[in-house]
Amino acid sequence: MLVKVSEILKMADEAKTSVIAFICTDYNMAYSVVKVAEKVQKPVIVMLLPEHVYDNNTMNVSGFAHMVKELAAGVKVPVGLHLDHSYDYRSIIESIRKGFGSVMIDASALPLDENIALTRKVVETAHILGADVEAEIGHVGLAQDSAQDVSDYYTKADAAARFVEETGCDSLTIAIGNAHGEYITTPHLDLERLDEINSATDCPLVLHGGSGIPHDQLEIAFTKGINKFNVGTEFLGVYFDAIAEFVHKNEEPRPLKMLEVPEFVQERLQTYLEEKLKLSRF
Ligand code: 13P
């Protein structure tokens, strides 16, 4: 069942846990997320990262939204549909019109006042159109930079409180030692800072850069206000390994073998998802 992302985050908050939002590029991934969610009876969110459309040509925006809505309609468990990192007003509004009821404006690279102004503008229009908005304060960088000290970019509790108040965003992405991509060294979430941010605002908090964060840290973070947890790289890695395994097992070039790829890959993806969703304690 398709459910508004803000509703799912409310459910997560009540259960003192986090919903997991998986970046998907195609049907194999989206289908597997929805199928496993129904199996384990937990809400999930399927996300599209716009750069996968515009840079990698994986899918188009409305096609993705329709695909997820049809998959969600086939199950009883809540499924959310969300557009991940978007940077400009026009493309966000266009994506809402193309079917996304939840979007992210990431203006975190801008100075705070400009971030607030652009986020507020997106929120005002999105809310008129009935869509939820996630926004970012502090800056979640790339994991490849994690060997450097990036603590200057960490979210500050007072700025977070002001940001939520002035923008009206529905959820807030924070930087507490997490980063996107493959970590060079094991990340250590600043859980004290998370506590401070959680006390400073009632807004559901979002943790990006989910691949590679040790599960013991996540378990704690999920009880301290993180209600949405984004995973991308790790899931793509499972997909890549599944394809490699399939090719290795089928070295003879037989065209119709291609038709066996989806089921083979989906089984591997679903094994991973079932394990990952144990973290989400609904
Ligand atoms: P990873 O690719 O590091 O898991 O991060 C995903 C993410 O945060 C997408 O917004």
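It should be noted that the structure appears before, not after, this text.
Residues numbered from 1 in each chain as written. Predicted model: local features only at pLDDT ≥ 70, side-chain atom pairs only at ≥ 80, totals over all residues. Heavy atoms only, no water.

**Brief notes about the sheet that holds strand β2 (residues 44–48)**
So, point 1. Strand order in the closed barrel formed by 8 strands is β1-β2-β3-β4-β5-β6-β7-β8, and the pairing between neighbours is parallel. Geometrically, the sheet is characterised by an average inter-axis angle of 30° between neighbouring strands, direction not taken into account.
So, point 2. Sheet topology places β2 next to strand β3 (residues 79–86); 5 bridges connect them, and they run parallel. The partner of Ile 45 across the bridge, within β3, is Gly 80.
So, point 3. Most of the contacts of helix α7 (residues 157–167) go to strand β5 (residues 132–137), to which it runs at about 150°, and overall it touches β5 and β6 (171–174).
So, point 4. Against the sheet, helix α11 (residues 261–276) engages β1 (19–23) and β8 (226–231), with an angle of about 150° to β1. (Pairing = 2+ DSSP bridges. Helix = DSSP H or I, 4+ residues; strand = E, 2+ residues; numbered from the N terminus. Axes fitted to C-alpha atoms, helices over the stretch in contact; angles between N-to-C directions. Contact = heavy atoms within 4.5 Å.)

**Looking at the packing of aromatic side chains**
So, point 1. Under the defined criterion, the tally for this structure stands at 6 aromatic pairs.
So, point 2. Through successive ring pairs, a cluster of aromatic residues spans Phe 22, Phe 235 and Tyr 272.
So, point 3. A cation over an aromatic ring shows up here: Lys 121 above the ring of Tyr 89, its NZ or CZ 4.3 Å from the ring centre.
So, point 4. Taking the ring centre of Phe 264 as reference, the NZ or CZ of Arg 268 above it sits at 4.1 Å. (Phe/Tyr/Trp six-rings, centres within 6.5 Å; stacked < 30°, edge-to-face > 60°. Lys NZ or Arg CZ within 6 Å of the ring centre and 35° of its normal.)

**Thoughts on the nonpolar core**
So, point 1. The biggest cluster of nonpolar side chains holds 79 residues, and the ones touching the most others in it are Phe 22 and Leu 172.
So, point 2. The element contributing the most residues to this core is helix α4 (residues 61–73), with 7 residues.
So, point 3. Leaving out residues up to four positions away in the same chain, Leu 172 has contacts with Ala 135, Ile 137, Ala 160, Phe 163, Val 164, Cys 203, Pro 204, Leu 205 and Val 206.
So, point 4. Ranked by size, the runner-up nonpolar core spans 10 residues in total, among them Val 3, Leu 9, Val 19 and Ile 45. (Core = buried A, V, L, I, M, F, W, Y, C linked by side-chain atoms within 4.5 Å. Buried < 20%, exposed > 50% of the residue type's maximum accessible area, 1.4 Å probe, protein only.)

**Remarks on the site of the ligand**
So, point 1. Near the ligand you find 14 residues, and of these Asp 84, Gly 209, Ser 211, Gly 232 and Thr 233 are the closest.
So, point 2. Within the side chain of His 85, one N or O atom sits 3.3 Å away from an oxygen atom of the ligand.
So, point 3. Interatomic distance of 2.6 Å between a side-chain N/O atom of Thr 233 and an oxygen atom of the ligand.
So, point 4. With the chains in place, 95% of the 300 Å² that the ligand exposes on its own is no longer accessible.
So, point 5. Among the secondary structure elements, those contributing two or more residues to the shell around the ligand are β3 and β8. (Near = heavy atom within 4 Å. Polar contact = N/O pair within 3.5 Å; in protein donor to acceptor, adjacent residues only side chain to side chain. Areas by Shrake-Rupley, 256 points an atom, 1.4 Å probe, with all protein chains shown as cover.)

**Observations regarding the pairing of β3**
So, point 1. With 8 of 8 residues buried, β3 is to be regarded as a mostly interior element.
So, point 2. Pairing between β3 and strand β4 (residues 102–105): 2 bridges, direction parallel. In the sheet register, Leu 83 faces β4, and the bridge partner there is Val 103.
So, point 3. Read from β3 through helix α5 (residues 89–97) to β4, the crossover connection turns out right-handed. (Right-handed = clockwise from strand over helix to strand, strands pointing away.)

**Side note on the pairing of β2**
So, point 1. Most of β2 sits inside the fold, with 5 of its 5 residues counted as buried.
So, point 2. Of the two faces of β2, the one holding Val 44, Val 46 and Leu 48 and the one holding Ile 45 and Met 47 are both buried throughout.
So, point 3. Two strands pair when backbone bridges link them, and β1 and β2 are joined in this way by 4 bridges, in the parallel orientation. When the bridges of β2 are listed, Phe 22 appears paired with Val 46.
So, point 4. Chirality of the crossover, the property in question, places the unit of β1, helix α2 (residues 27–40) and β2 among those that are right-handed.

**Some thoughts on the packing of helix α10 (residues 233–249) against α11**
So, point 1. Remark: α10 packs on α11, axes separated minimally by 9 Å, with the N-to-C direction vectors making an angle of 140°. The chirality of how α10 crosses α11 is right-handed. Between α10 and α11, the residues in contact are Glu 234, Phe 235, Val 238, Tyr 239, Ala 242, Ile 243, Glu 245, Phe 246 and Lys 249 and Val 261, Phe 264, Val 265, Arg 268, Leu 269, Tyr 272, Leu 273 and Lys 276, respectively.
So, point 2. For the contact of α10 with α11, the class distribution of residues is 12 nonpolar, no polar and 5 charged. (Left-handed = near helix turned anticlockwise from the far one by under 90°. Nonpolar A, V, L, I, M, F, W, Y, C, P; charged D, E, K, R; others polar.)

**Description of α2**
So, point 1. In this model α2 runs 20 Å from its N-terminal to its C-terminal C-alpha over 14 residues, within 8% of the 20 Å that 1.5 Å per residue would give.
So, point 2. Those residues of α2 lying buried are Asn 28, Met 29, Ala 30, Ser 32, Val 33, Val 34, Val 36 and Ala 37.
So, point 3. Lining the buried residues of α2 we find β1, β2, α4, β3, α10 and α11.
So, point 4. Sitting at the amino-terminal end of α2 is Asp 26, which places a side-chain oxygen 3.2 Å from the backbone nitrogen of Asn 28.
So, point 5. Phi for Gln 41, located one or two positions after α2, is positive at around 60°. (Expected span 1.5 Å × (residues − 1).)

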